[in-house]
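Survey of secondary and tertiary structure
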There are 2 protein chains.
Amino acid sequence: MAKNEFICDCNAIHRDVVDNTSKNMLEADTFNRIADFFKILGDTTRAKILFALDQNEMCVCDIANVLGMSKSSISHQLGTLRRSGIVKCRKSGKEVFYMLDDDHVKKVIEMCIEHIEHKK
Amino acid sequence: MAKNEFICDCNAIHRDVVDNTSKNMLEADTFNRIADFFKILGDTTRAKILFALDQNEMCVCDIANVLGMSKSSISHQLGTLRRSGIVKCRKSGKEVFYMLDDDHVKKVIEMCIEHIEHKK
DNA sequence: TTGACAGTTGAATAGTTATTCATATATAAT
DNA sequence: ATTATATATGAATAACTATTCAACTGTCAA
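Attention here is on the structure that accompanies the text. Bear in mind the structure is a predicted one, so any value in this text is a computation, not a measurement. (Residues numbered from 1 in each chain as written. Chains lettered and ligands numbered in written order. Predicted model: local features only at pLDDT ≥ 70, side-chain atom pairs only at ≥ 80, totals over all residues. Heavy atoms only, no water.)

1. Description of the packing of helix α4 (residues 60-67) of chain A against helix α5 (residues 71-83) of chain A
Residue and element names in this part refer to chain A. Running from N to C, α4 and α5 cross one another at 110°; their axes reach a closest spacing of 9 Å. With respect to α5, the element α4 is oriented roughly perpendicular. Between α4 and α5 lies a crossing of right-handed hand. On α5, the residues that touch V60, C61, I63, A64 and L67 of α4 are K71, I74, S75 and L78. Its residues assigned to classes, the contact of α4 with α5 shows seven nonpolar, one polar and one charged. (Axes fitted to C-alpha atoms, helices over the stretch in contact; angles between N-to-C directions. Helix = DSSP H or I, 4+ residues; strand = E, 2+ residues; numbered from the N terminus. Parallel < 35°, antiparallel > 145°, perpendicular 65-115°, else oblique. Left-handed = near helix turned anticlockwise from the far one by under 90°. Contact = heavy atoms within 4.5 Å. Nonpolar A, V, L, I, M, F, W, Y, C, P; charged D, E, K, R; others polar.)

Dropping the structure here:
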């Protein structure tokens, strides 16, 4: 196999490892989805919102007060979470109550906390 | 309790829910750590690197070839992963071999893939 | 129907970050 | 010593994103 079948200009390639690993890689789209999922959790505000919603469904105003942030900011983030299918909402009069829409999120957050405690 | 003990200017607050949830919230620093952890996974390049390293330890050049990206770019990302304690490395001559340094990462990624499959 | 209020949304700003390029360091071979 | 190579790194650019502000929608009450 010629050197320039490989993208980068090194001689240090371990071809068997590279070939084998390449074969096992998932589709590009799958990695995008993985990254997108974690990107959602990778923001302090959203992490707080999800942790809070794990305890109670809440209206936008409640969440804003729990986090000490503006309603607009919270609403933007809830929009992001809703579009990702991680939270869902129900309307009741003027209020909109948000709740988790994903079992995995809870587990993933718990595992993450475990990780953090472990690394301390 | 006076209205302005709450941060935002709504009347729609459910005080018991807000008070209770507030009590159960973790420290700000903990949420920052949670978000920082997920931020690391929340990038396509880093997700690919971690998935690849889950199969074999590899040198920078190998990873660059598996991902089809420049060595410099990969090296920057490996630095980020190393500083986060998610990968570690060993030197062997001119080469530097990287490997996972965290059991949780594997589990978290697997759970994430499960989540993605489930939502399809 | 008018006013008040819960929530949403678009635009703007400010901060962050991934990649590239050029350069630097470290190791091995000649 | 000198050269080649593997990796690291600083600076710059470009792309992305969180929050704010202002304006808007929809609902309830008077």
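Once you've had a look at it, read on.
2. Considering the protein's contact with DNA strand D
Surrounding DNA strand D, one finds 26 residues, the nearest of these being T45 and S72 of chain A together with S72, H76 and Y98 of chain B. Protein-adjacent atoms of DNA strand D, using a 4 Å cutoff, are sugar or phosphate at a proportion of 68%. Measuring from a base oxygen of DNA strand D, one finds a side-chain N or O atom of H76 of chain A at 3.1 Å. Residue K94 of chain B places a main-chain N or O atom 3.5 Å away from a sugar or linking oxygen belonging to DNA strand D. For the surface near DNA strand D, the secondary-structure elements that each account for two or more residues are α3 (44-53) and α5 of chain A together with α4 (60-67), α5 (71-83) and β3 (95-100) of chain B. Class assignment for the residues of the surface near DNA strand D results in eight nonpolar, eleven polar and seven charged. (Near = heavy atom within 4 Å. Polar contact = N/O pair within 3.5 Å; in protein donor to acceptor, adjacent residues only side chain to side chain.)

3. Description of α3 of chain A
Residues and elements named next belong to chain A. Burial analysis of α3 places ten of its ten residues in the buried class, which makes it a mostly covered element. Those residues of α3 not exposed but buried are T44, T45, R46, A47, K48, I49, L50, F51, A52 and L53. For α3, the capping residue at the N-terminal end is D43, with a side-chain oxygen 3.1 Å from the backbone nitrogen of T45. (Buried < 20%, exposed > 50% of the residue type's maximum accessible area, 1.4 Å probe, protein only.)

4. A word on the pairing of strand β2 (residues 87-92) of chain B
Residues and elements named next belong to chain B. The sheet contact formed by β2 and β3 spans six bridges and is antiparallel. Opposite S92, over in β3, you have E95 as the bridge partner. Between β2 and β3, which pair antiparallel and follow one another directly, the connecting turn spans two residues, one of which, G93, has a positive phi of 65°. (Pairing = 2+ DSSP bridges.)

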